[in-house]
Amino acid sequence: MSPNSKTDQNSTITEETLDPENWETVRDLAHEIIDDSLSYTRDVRERPVWQQMPKDTQAAFETPLPKSPTSLKKIYKSITKNVLPFPMGNIHPRFWMWYMGSSNFTGALGDFLAAIIGSNLGGGNHSAAHIDNQVINWFKEMIGFPPEASGSLVSGGSMANLLGLTVARNTMASVAGVDLREHGLAALKKPMRYYTSDQVHSCHQLALETLGLGNSSLRRISTNDDLTIDIEALNKAIQEDREAGFQPACVIATAGTVNTGAIDDLQKISALCHAEGLWFHVDGCIGALIAIAPNNKDRVAGIEKADSIAMDPHKWLHTPFEVGCVLIKSEQKHLKTFSLTPEYLEMTKRGIAAARWLHDFGLQTSRGFRALKVWMSLQEHGVEKFGRLIDQNIAQGQYLNDLIKQETDLELIAPTNINIVCYRYNPGGLNHDKLKEINIEIMLRLQEEGSAALSDTTVHGAHCLRVAITNHRTRQSDLDFLVDETLRIGTEILDKGLNK
Ligand SMILES: *Cc1c(COP(=O)(O)O)cnc(C)c1O
């Protein structure tokens, strides 16, 4: 008799489960949720980008720990009332803040199905593990990495960079004759140094702090007018450090900086790393995927020469959060850094444990099936369409750049390289602090009016508004609107002052 057919006739104990008591009621509600979700996605343009949540809505999130049940219907009702109307806004066509993707419905279905299947990507012999491997193989192909390279899907770019920089650290320690896993940092005879530009993403400082090397081991090299790393200064810093008794270990090139989208000269950095015996890591969270964009792929030529790459499908592939990917050229170095098999996870010849453990490629043991959402949308649209969408955003960046140039009261603050435009309202005759105050007010009014979401930053000392167009829903007319609104609000502030 199979255990499934056993009857409970004589059972005297009550055993509970989380499954629905009435599957049909839940089925109806689940259909309703899917229907609403489709409309929510379809109609996103009709809603404000963002809106301030009223105080009484906030109170809905301060209720005490629930001890007794609430019906799913009631829970969903509170979601439609208190949650859905108050998103961050990044799926909206006029969200250009910071740097993130705008999601997609198929990806959302992927997340749902991944949870339904429920497989753990710590590893094992099952379909999800095959898809995880396949997606990593697809990423290698997109970037031009060889099939024998390895990789891992992680929560995002910060984790992908951390893993890449960890493999760099351990490998370079072993070049210096130190087994870092066994003996730790104290065994290093010379302190290590990593090099990157002054435009580096903050996650690298955190990574080096976490790796025990410390913030001072990350040398920020000055940048040229186009915000790419100054290669001569980089070379000089490496020589200086060698003479001063440090071990130069790794160069972190950025393919698409957060501030302005600048792409370091990957060919030159690769040659320098090769000549100096340094690890070549590329932070490609923004720009690695330009490798699939037909009109722009030359911008990242040389990326395939990297020893490790961090990339971020939840940005330019618009995968719902979370998914990042680290690729390591040498599988052996990758495994040497992370592989560890305790006695309770030994592989078997047959059955569920008859496959390489995927936790050997990173720091997580249990891991979600984040590959599915990528796998589904890549198949649905084909990689060529994703490439065209990247070209489209870069063309939109140039379009906005040109619009701004035509307006005497608007000023470009940095050259527009790809899809990031840095500008400010500047009617003339105002000092830097006053301009900063006015531009921050423009940014906040755009957000509060729900019309557009921009961020701000400071580039080589000048404060500016920053528009990052990583958005498959943005149209040119949205950018026309942005320019008109910046001028309208700027003039209004000049006329009536900062207080509304
Ligand atoms: C976004 C970004 C990161 C961090 O990625 P997360 O997915 O937010 O963790 C790192 N580097 C660059 C250049 C980025 O743009």
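Because the structure is a prediction, the values reported are computed rather than measured. (Residues numbered from 1 in each chain as written. Predicted model: local features only at pLDDT ≥ 70, side-chain atom pairs only at ≥ 80, totals over all residues. Heavy atoms only, no water.)

## Here we look at the sheet that holds strand β6 (residues 308-311)
- If you walk across this open sheet you meet the seven strands as β1-β7-β6-β5-β4-β2-β3, and the pairing is mixed. At either end of the open sheet lies a strand with only one pairing partner, and these are β1 (150-154) and β3 (218-221). Looking at each pair of strands side by side, their axes are set apart by 20° on average, direction ignored.
- Across five bridges, the pairing between strand β4 (residues 247-254) and strand β5 (residues 279-283) is parallel. Within the sheet, the bridge partner assigned to Ile 252 lies in β5 and is His 281.
- Against the sheet, helix α5 (residues 127-143) engages β1, β6 and β7 (324-328), with an angle of about 115° to β1. (Pairing = 2+ DSSP bridges. Helix = DSSP H or I, 4+ residues; strand = E, 2+ residues; numbered from the N terminus. Axes fitted to C-alpha atoms, helices over the stretch in contact; angles between N-to-C directions. Contact = heavy atoms within 4.5 Å.)

## A short note on the domain arrangement of the chain
- When cut into domains, the chain gives domain 1 (23-49 + 51-86), domain 2 (110-382) and domain 3 (385-496).
- Summarising the inter-unit geometry, the C-alpha centres of domain 1 and domain 3 are found 33 Å apart.
- Domain 1 puts five residues into the contact, and the matching count from domain 3 is seven residues.
- Between domain 1 and domain 3 lies a buried interface of about 490 Å² when both sides are counted; carbon and sulfur atoms form 49% of it.
- When the buried area of domain 1 at its contact with domain 3 is split by residue, Val 44, Arg 45 and Val 49 rank highest and sum to 77% of it.
- Where domain 1 meets domain 3, there are one salt bridge.
- The tally of links from domain 1 across to domain 3 stands at three residue pairs in polar contact (both at pLDDT 80 or more).
- Counted by class, the side of domain 1 that touches domain 3 contains three nonpolar, one polar and one charged residues. (Domains from an automatic or database assignment. Buried area = accessible area lost by both parts, 1.4 Å probe. Salt bridge = Lys/Arg side-chain N within 4 Å of Asp/Glu carboxyl O. Polar contact = N/O pair within 3.5 Å; in protein donor to acceptor, adjacent residues only side chain to side chain. Nonpolar A, V, L, I, M, F, W, Y, C, P; charged D, E, K, R; others polar.)

## A closer look at the site of the ligand
- Neighbouring the ligand are 14 residues, the closest being Ser 158, Asp 283, Asp 312, His 314 and Lys 315.
- Take Ser 158: an N or O atom from its side chain is 2.7 Å from an oxygen atom of the ligand.
- Interatomic distance of 2.6 Å between a side-chain N/O atom of Asp 312 and an oxygen atom of the ligand.
- For the shell around the ligand, the elements supplying multiple residues, two or more each, are α6 (157-175) and α11 (313-316).
- The greatest single-element share of the shell around the ligand, amounting to three residues, is contributed by α6. (Near = heavy atom within 4 Å.)

## Details of the packing of aromatic side chains
- Overall, the coordinates contain one aromatic pair when judged by the stated rule.
- Between Arg 94 and the ring centre of Phe 481, over which it is positioned, the NZ or CZ distance is 5.0 Å. (Phe/Tyr/Trp six-rings, centres within 6.5 Å; stacked < 30°, edge-to-face > 60°. Lys NZ or Arg CZ within 6 Å of the ring centre and 35° of its normal.)

## A short note on the pairing of β7
- In terms of residue burial, β7 counts as a mostly covered element, since five of its five residues are buried.
- Alternating residues of β7 divide into Gly 324, Val 326 and Ile 328 and Cys 325 and Leu 327, and every residue in both groups is buried.
- By the bridge criterion, five bridges tie β1 to β7 in an arrangement that is antiparallel. Bridge assignment links Leu 153 to a residue of β7, and that residue is Cys 325.
- In this structure, β6 lies alongside β7, joined through four bridges in antiparallel fashion. Pairing of Met 311 across the sheet is with Cys 325, part of β7. (Buried < 20%, exposed > 50% of the residue type's maximum accessible area, 1.4 Å probe, protein only.)

## So, the pattern of salt bridges
- For the structure shown, the criterion picks out 22 salt bridges.
- Between Asp 43 and Arg 42 there is a salt bridge, with the nearest N and O atoms lying 2.9 Å from each other.
- Asp 43 sits in the partly exposed class, given a relative accessible area of 26%.
- Taking relative accessible area as the criterion, Arg 42 reaches 63% and is therefore assigned exposed.
- Between Glu 240 and Lys 236 there is a salt bridge, with its nearest N and O atoms 3.9 Å apart.

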